[in-house]
Amino acid sequence: MRGLSGMATTGLADEVSVDTYRMALEDLTAHPTRHSFSSAYRDAARMVADRFAELGYATREEPVAFSGRETLNIVADKPGTAPEDERRLVYVVAHLDSINEAGGVNAPAPGADDNASGAAGVLEIARVLAAVVTLHDLRLVVFGGEEQGLHGSRIHVAELTDADRQRIIMVVNMDMIGRLNTAAPSVLLEGAAGSQHVIDALAQAAHDTTDLEVFVSLEPFASDHVSFIDADLPAVLTIEGQDQLNLDEHTPRDTLAGLDISVAISILRMNTAALATMLGARA
Ligand SMILES: [Zn+2]
């Protein structure tokens, strides 16, 4: 059994759909907030879990407790076909929660860019890869508690078995992939020394499947890839270029109207192609 050649896996990028991605964005931002401790967050999480299950993934809730309160992650798995002792594990993650920093738990927090854009991205990649046979295992996670301090991803990583920890070859995090802040569409790949092979794979995929300008940083901060990197796992954040120019982050102004869907689609094309290659996708 052999993985596809570069040509064939980059072809999967063409399966990324503006229409289904936009529908997922609309569904996620229709919740008044996705604050980790709101009932609306639970509704959104249940919706994501239902989608994963419909697509055929083995789906579970993972409780996330901190500050005396509880939220949850949704975890979805699809097994590869390689013999078990040769099977590696590839992750795609994003935080599902949003926040209105000036308001309380129930204040309006559409979180379109931060981070419906990334969570809808996980759903779109889940859709594209659902029917693709791969050598290695795929795991998709949407996290809660990110805005309070990366709690969902910290707890997920802490609870990994040693066996899973040792077979992780790639973690792709998406956080804020939908705004155009630069003259030309661009992406920042943010990782650490241990994730250089993931950065290289993503940069190659960006070149092969998009016209994105690629920036790289080895100073990871402030999103869920940090929880993996702190555990010496090869994680990379994919994020719109110059994200700090999005001044609507964590306010009621972070709405769908502020998004440039073509930026998100390019980042999803890049991620899908790189993931398919790493997973050993077969035709
Ligand atoms: Zn975020």
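Here the residue index of a chain counts from 1 through its sequence in written order. It should be noted that, the model being predicted, local features are given only for residues of pLDDT at least 70 and side-chain atom pairs only at 80 or more, the latter also being counted only at that level, while totals for whole chains, interfaces and linings use all residues. Only hydrogens and water are removed before side-chain values are computed, so all heavy atoms of the structure are retained for them.

Here's the deal with the sheet that holds strand β7 (residues 213–217)
Rules: A pair of strands is considered paired only if DSSP assigns at least 2 bridges between the two. Every helix listed is a DSSP run of H or I at least four residues long, and every strand listed is a run of E at least two residues long, numbered separately from the N terminus. Under this scheme, a helix contributes an axis fitted over its contacting stretch, all axes are lines through C-alpha atoms, and angles between N-to-C directions fall in the 0 to 180 degree range. Residue contacts are counted whenever heavy atoms from the two residues lie within 4.5 Å of one another.
Taken together, eight strands build an open sheet; the order of strands is β1-β2-β4-β3-β5-β8-β6-β7 and the sheet is mixed. Unpaired on one side and paired on the other, β1 (58–66) and β7 mark the two borders of the sheet. Across the sheet, the axes of successive neighbouring strands diverge by a mean angle of 20°, strand direction being ignored. Relative to strand β8 (residues 235–240), strand β5 (residues 168–174) runs parallel, the two sharing four bridges. Bridging across to β8, Val171 finds its partner in Ala235. Contacts from helix α9 (residues 261–279) reach β3 (89–95), β4 (137–143), β5, β6 (186–190) and β8 within the one sheet, and its direction differs from that of β5 by about 170°.

A few points about the side chain of His35
Counted only if it meets this: For the exposure calls, accessible area comes from a 1.4 Å probe over protein chains only, and a residue counts as buried if that area is under 20% of its type's maximum, exposed if over 50%, partly exposed in between.
For His35, the position within the fold is in the loop between α2 (18–29) and α3 (39–54). On the accessibility criterion, His35 (8% relative accessible area) is buried. In this view, His35 contacts Tyr41, Ser98, Ile99, Gly104, Val105 and Gln148; residues no more than four positions away in its chain are not counted.

A short note on helix α4 (residues 112–129)
Note the following rule: For a helix, the expected span equals 1.5 Å multiplied by the residue count minus one.
With 18 residues, α4 extends 24 Å from end C-alpha to end C-alpha; this agrees with the ideal 26 Å at 1.5 Å per step. Among the 18 residues that make up α4, 17 are buried, leaving the element largely enclosed by the rest of the structure.

Quick word on the coordination of the zinc ion
Which entries qualify depends on this criterion: Excluding water, the donors of a metal are its N, O and S neighbours within 2.8 Å, or within 3.2 Å for Na, K and Ca, and that exclusion means sites may look incomplete. Site shape is set this way: if four donors have all angles between 85 and 135 degrees, tetrahedral; if opposite donors are over 155 degrees apart and all others between 65 and 115, square planar for four donors and octahedral for six; otherwise irregular.
Donor atoms from the polypeptide that bind the zinc ion are His95 (NE2), Asp114 (OD), Asp175 (OD) and Asp175 (OD), placed at 1.9 to 2.7 Å. Because the angles between the four donor atoms bound to the zinc ion fall within 52 to 147°, the donor set is best described as irregular. For the zinc ion, all donor residues lie on one chain, and their spacing in sequence is H-x18-D-x60-D. With His95 in strand β3 and Asp175 in the loop between β5 and β6, the pair connects residues that are 80 residues apart, well separated along the chain. Each member of the pair His95 and Asp175 is classed as buried.

A look at the pairing of β6
Going by this rule: Whether a crossover is right-handed comes down to one check: with the strands pointing away from the viewer, does the path from the first strand over the helix to the second run clockwise; if it does, it is right-handed.
Of all the five residues making up β6, five are buried; the element is thus mostly covered by neighbouring parts of the structure. Covered by surrounding structure in β6 are Ser186, Leu188 and Glu190 together with Val187 and Leu189, the residues of both alternating faces. Bridging between β6 and β7 involves five bridges; their strand directions are parallel. Looking at the pairing, Ser186 lines up with Glu213 of β7. Assessed by its sense of winding, the connection that carries the chain from β6 through helix α7 (residues 196–209) to β7 is right-handed. As judged from the four bridges shared by β6 and β8, these two strands associate in the antiparallel manner. Pairing of Glu190 across the sheet is with Leu237, part of β8.

Here we look at the pattern of salt bridges
Defined as follows: Note on definitions: salt bridges are taken to be side-chain nitrogens of Lys or Arg within 4 Å of carboxyl oxygens of Asp or Glu.
Considering all chains together, one arrives at 14 salt bridges under this definition. A salt bridge links Arg60 to Glu62; its shortest N-O distance comes to 4.0 Å. Taking relative accessible area as the criterion, Arg60 reaches 39% and is therefore assigned partly exposed. Residue class for Glu62 comes out buried when judged on its relative accessible area of 5%.

None of this, on its own, says anything about what the molecule does.
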